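One-letter residues, chain by chain:
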Amino acid sequence: MFMFSIDKKEQELIGNARNIIKKLFKENYHHIGASLRTKSGKVFSSVHLEAYVGRVAVCAEAIAIGMAASAGDPEIETIVAVNSKGQVVSPCGICRELISDYSPDCNVIITDEKIVKIDELLPMKYQRD
């Protein structure tokens, strides 16, 4: 797995994700925060939405991607998710698929010190064609 070093821009993105989950954490509702930067430089941050019916829960990464897409800026440069303690967490399988669908060359921050391309986290991705 090829990993890149975290620079100031990525540290700021991690900080944005930490800030949103710290601000909006609510037990049984919001326990993950995510932040992404699009190729145009815009930043979108969100929290996970939990529900009593498990299939209705929506990951923070998916919401941030939806925010970017709704703003007409869906090409992701870098994305990160953190838990309620502020620890960087790797995206789940569904989010890996979604990230890859929207931005196959996206960078994903997987620890405070490591960043990888999405295809490193999703080898042999399913293709529609």
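From a predicted model like this one, the values you see are computed outputs, not experimental measurements.

A.B. asks: Describe in detail the pairing of strand 3 (residues 76–83), supporting the description with residues and values.
C.D. replies: Buried residues dominate strand 3, accounting for 7 of its 8 residues. Note: strand 1 (residues 32–38) against strand 3, 7 bridges, orientation antiparallel. In the strand pairing of strand 3, Ser35 is matched with Val80. Sheet topology places strand 3 next to strand 5 (residues 107–109); 2 bridges connect them, and they run parallel. Along strand 5, the bridge assignment pairs Ile79 with Val108.

A.B. asks: Outline the packing of helix 2 (residues 60–70) against helix 3 (residues 93–102), listing residues and values.
C.D. replies: For the pair helix 2 and helix 3, the least separation of the axes is 10 Å and the interaxial angle reads 20°. The angle between helix 2 and helix 3 falls in the class roughly parallel. Considering the relative orientation of helix 2 and helix 3, their crossing is left-handed. Together, Glu61, Ala62, Ile65 and Ala69 of helix 2 and Cys95, Leu98, Ile99 and Tyr102 of helix 3 make up the contact between the two elements. Looking at the contact of helix 2 with helix 3 residue by residue, the class counts come to 7 nonpolar, no polar and 1 charged.

A.B. asks: Lay out a nonpolar patch on the surface with the relevant residues and their values.
C.D. replies: A contiguous nonpolar patch, built from Tyr29, Tyr52, Val53 and Val56 and spanning about 480 Å² of accessible area, is present on the exposed surface. Inspection of the secondary structure puts Tyr52 in the loop between strand 2 (43–47) and helix 2. Tyr52 sits in the exposed class, given a relative accessible area of 79%.

A.B. asks: I'd love a proper account of the environment of Asp101, names of residues and values included.
C.D. replies: Tracing the backbone through its elements, the reader meets Asp101 in helix 3. For Asp101 and Glu113, which are 12 residues apart along the polypeptide, the C-alpha to C-alpha distance reads 25 Å. In contact with Asp101, other than residues within four places in its own chain, are Lys125 and Arg128.

A.B. asks: Give me the pattern of salt bridges: which residues, what numbers.
C.D. replies: Tallied over the entire structure, the rule returns 5 salt bridges. Glu10 is the partner of Arg37 in a salt bridge, and the nearest nitrogen-oxygen pair spans 3.0 Å. With a gap of 27 residues between them, Arg37 in strand 1 and Glu10 in helix 1 (residues 8–24) connect regions that are remote in the sequence. Among the residues examined, Arg37 registers a relative accessible area of 7% and is labelled buried. What emerges from the salt-bridge pattern is a single network uniting Lys9, Glu10, Arg37 and Glu77.

Thresholds, definitions, all that
Residues numbered from 1 in each chain as written. Predicted model: local features only at pLDDT ≥ 70, side-chain atom pairs only at ≥ 80, totals over all residues. Heavy atoms only, no water. Buried < 20%, exposed > 50% of the residue type's maximum accessible area, 1.4 Å probe, protein only. Helix = DSSP H or I, 4+ residues; strand = E, 2+ residues; numbered from the N terminus. Pairing = 2+ DSSP bridges. Axes fitted to C-alpha atoms, helices over the stretch in contact; angles between N-to-C directions. Parallel < 35°, antiparallel > 145°, perpendicular 65-115°, else oblique. Left-handed = near helix turned anticlockwise from the far one by under 90°. Contact = heavy atoms within 4.5 Å. Nonpolar A, V, L, I, M, F, W, Y, C, P; charged D, E, K, R; others polar. Patch = residues over 30% accessible without salt bridge, like charges linked within 9 Å, V, L, I, M, F, W, Y side chains within 5 Å. Areas by Shrake-Rupley, 256 points an atom, 1.4 Å probe, with all protein chains shown as cover. Salt bridge = Lys/Arg side-chain N within 4 Å of Asp/Glu carboxyl O.

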